[in-house]
Amino acid sequence: MKITVLSLFPEILRGFFESSIMAKAVERGLMSCELVNIRDYAIDKHRKCDDEVFGGGAGMLMLPGPLSRALEAAGSSPCPPAGEASPEPGARKRTVFVTPSGRLFNQAMAAEFSREAELVIVCGRYEGVDQRVIDRYVTDEVSIGDYVLSSGEIAALVLVDAVYRLVPGVISGESLLEESFAASGGARAAALLEYPQYTRPALYDTLRVPEVLTSGHHANIVRWRLRESVRKTLAYRPELLAAEGLSSEVRKLLREIITEGGNDEPNTEDPGAANDGR
Ligand code: ADE
């Protein structure tokens, strides 16, 4: 997958692109990334990229010229003029403008973007971007949350990070299956928040790891994790539990948790349950 990010301040993004897993993914040929400085496409002697808003209003807007030229150079195709046939769905390069007035970003969108061969992301600055550029080149307007950042670079990084790690081979499939919002696996037909996790030592200061996790009883561990996922989702994101597709097991756990604070007794029927005491 190739990701191209257009920005007036590409240095904000460079560190991320050159670090850690992303650099490895690039080295392994799974990803390629390009940072484009929109100012390189300004043609006047001051390399001007912004101007006042028609009709009045605070702040400045990004000019259509430099950004359009940068988008053309990145291979984003213009949407055909009114009256002309639209291209086949998927024929236009996916071009995302990150903006607080876009569609709210989520894991399903990240997965959808990760299936594209190429993604172009536009970072806004100042008060935003001339609408004509959005109308002509942008296929998706995306917000990372209901708050306003001072520019699009941080939002673009959030988007890139959520997307590239889903590209096959970048991160192990097993890690992806178990994290929050993974909605594909086994009993987890709907997306739940991830359960709490612990590492050694089993007793840290006065704090002990839940006993079930050191019991070696796999079925109890799976059940405990699912229950904790449901409990956490209920506490922090109850709206996720109202979604279609909750498994009967999740619904049962939910009822238990709501009615009596839950029955946390581990299942001791398995005679093979071993406590290795770590
Ligand atoms: N730019 C500024 N705020 C933003 C947000 N919440 N999401 C996406 N882009 C932004």
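Our subject is the structure listed above.
Here the structure is a predicted model, which means the values were calculated and not measured.

**Quick word on the overall build of the chain**
- Along its length, the chain carries 9 helices and 9 strands.
- In terms of overall dimensions, the chain is more spread out than a globule: its C-alpha atoms have a radius of gyration of 24 Å, far above the 19 Å expected for 278 residues.
- Overall size of the chain, expressed as C-alpha extent along the three principal axes, is 80 × 40 × 40 Å.
- For the chain, the proportion of its 278 residues judged to be buried stands at 38%.
- The long-range share in the chain, meaning contacts at least 24 apart out of those at least 6 apart in sequence, stands at 72%.

**Structural notes on the packing of helix α1 (residues 11–18) against helix α2 (residues 20–27)**
- The N-to-C vectors of α1 and α2 enclose an angle of 65 degrees; their axes lie 5 Å apart at closest approach. In terms of orientation, α1 and α2 fall into the roughly perpendicular class. The residues of α2 that touch α1, namely those facing F16, F17 and E18, are S20, M22 and A23.
- In terms of residue class, the contact of α1 with α2 is built from 4 nonpolar, 1 polar and 1 charged.

**A short note on the site of the ligand**
- All residues adjacent to the ligand are V98, T99, P100, V142, S143, I144, G145, Y147, V148, L149, S151 and A155.
- A distance of 3.2 Å separates a nitrogen atom of the ligand from a polar atom in the backbone of G145.
- For the ligand, a nitrogen atom lies 2.7 Å from a polar atom in the backbone of Y147.
- Protein contacts shield 96% of the accessible area of the ligand, which totals 260 Å² for the unbound molecule.
- Put simply, the parts of the chain that give the shell around the ligand at least two residues each are β5 (94–104) and β7 (140–143).
- Here the residues of the shell around the ligand are counted per class, giving 8 nonpolar, 4 polar and no charged.

**So, the layout of surface pockets**
- Considered as a void within the structure, the largest pocket measures approximately 570 Å³ in volume.
- Those elements that place two or more of their residues in the lining of the largest pocket are α4 (107–114) and α7 (173–178).
- Class assignment of the residues belonging to the lining of the largest pocket gives a composition of 12 nonpolar, 5 polar and 4 charged.
- Both domain 1 (2–171) and domain 2 (174–270) contribute no fewer than three residues apiece to the lining of the largest pocket.

**Observations concerning the pattern of salt bridges**
- The full count for this structure, using the stated rule, is 16 salt bridges.
- Connected through shared salt-bridge partners, R94, R103, E112, E116 and D140 make up one network.

Conventions used here
- Residue indices follow the written sequence of each chain, beginning from 1 at its first position.
- Predicted model: local features are reported for residues with pLDDT of at least 70 only, side-chain atom pairs are reported and counted for 80 or more only, and whole-chain, interface and lining totals are derived from all residues.
- Note that water and hydrogens are dropped before the side-chain values are worked out from all heavy atoms of the structure.
- Only runs of H or I of at least four residues qualify as helices and only runs of E of at least two qualify as strands under DSSP, and these elements are numbered from the N terminus.
- Two things to know: the radius of gyration comes from C-alpha atoms, and the globule rule equals 2.2 Å times the number of residues to the power 0.38.
- For each residue, the accessible area found with a 1.4 Å probe, counting protein chains only, is set against the maximum for its type, and the residue is called buried under 20%, exposed over 50%, and partly exposed in between.
- Contacts are residue-level and defined by heavy atoms, with any inter-residue pair within 4.5 Å sufficient.
- In this analysis an axis means a line fitted to C-alpha atoms, helices contributing only their contacting stretch, and an angle means the value between N-to-C directions, from 0 to 180 degrees.
- If an angle is under 35 degrees, it is roughly parallel; if it is over 145, roughly antiparallel; if it lies from 65 to 115, roughly perpendicular; otherwise it is oblique.
- By the convention adopted, Pro, Cys, Tyr, Trp, Phe, Met, Ile, Leu, Val and Ala count as nonpolar, Lys, Arg, Asp and Glu as charged, and the other residues, Gly among them, as polar.
- Only heavy atoms are used to decide nearness, and a residue is near a molecule or strand if one of them lies within 4 Å of it.
- A 3.5 Å cut-off defines polar contacts: any pair of N or O atoms within that distance qualifies, except that in protein one atom must be a possible hydrogen donor and the other a possible acceptor, and neighbouring residues in sequence count only when both atoms are side-chain atoms.
- Every accessible area reported is derived by Shrake-Rupley at a probe size of 1.4 Å, with residue values counting cover from the shown protein chains alone.
- Using only the protein atoms, space was sampled on a 1 Å grid; points where a 1.4 Å probe fits but cannot get out form cavities, open sets with protein on both sides within 12 Å along at least five of seven lines form pockets, and lining residues are those with an atom within 4 Å of a point.
- Grid points are joined across faces, edges and corners, and a volume is the space filled by probe spheres set on the points.
- Note that the domain bounds reflect an automated or database-derived domain assignment.
- For this document, the term salt bridge refers to a Lys or Arg side-chain nitrogen within 4 Å of an Asp or Glu carboxyl oxygen.

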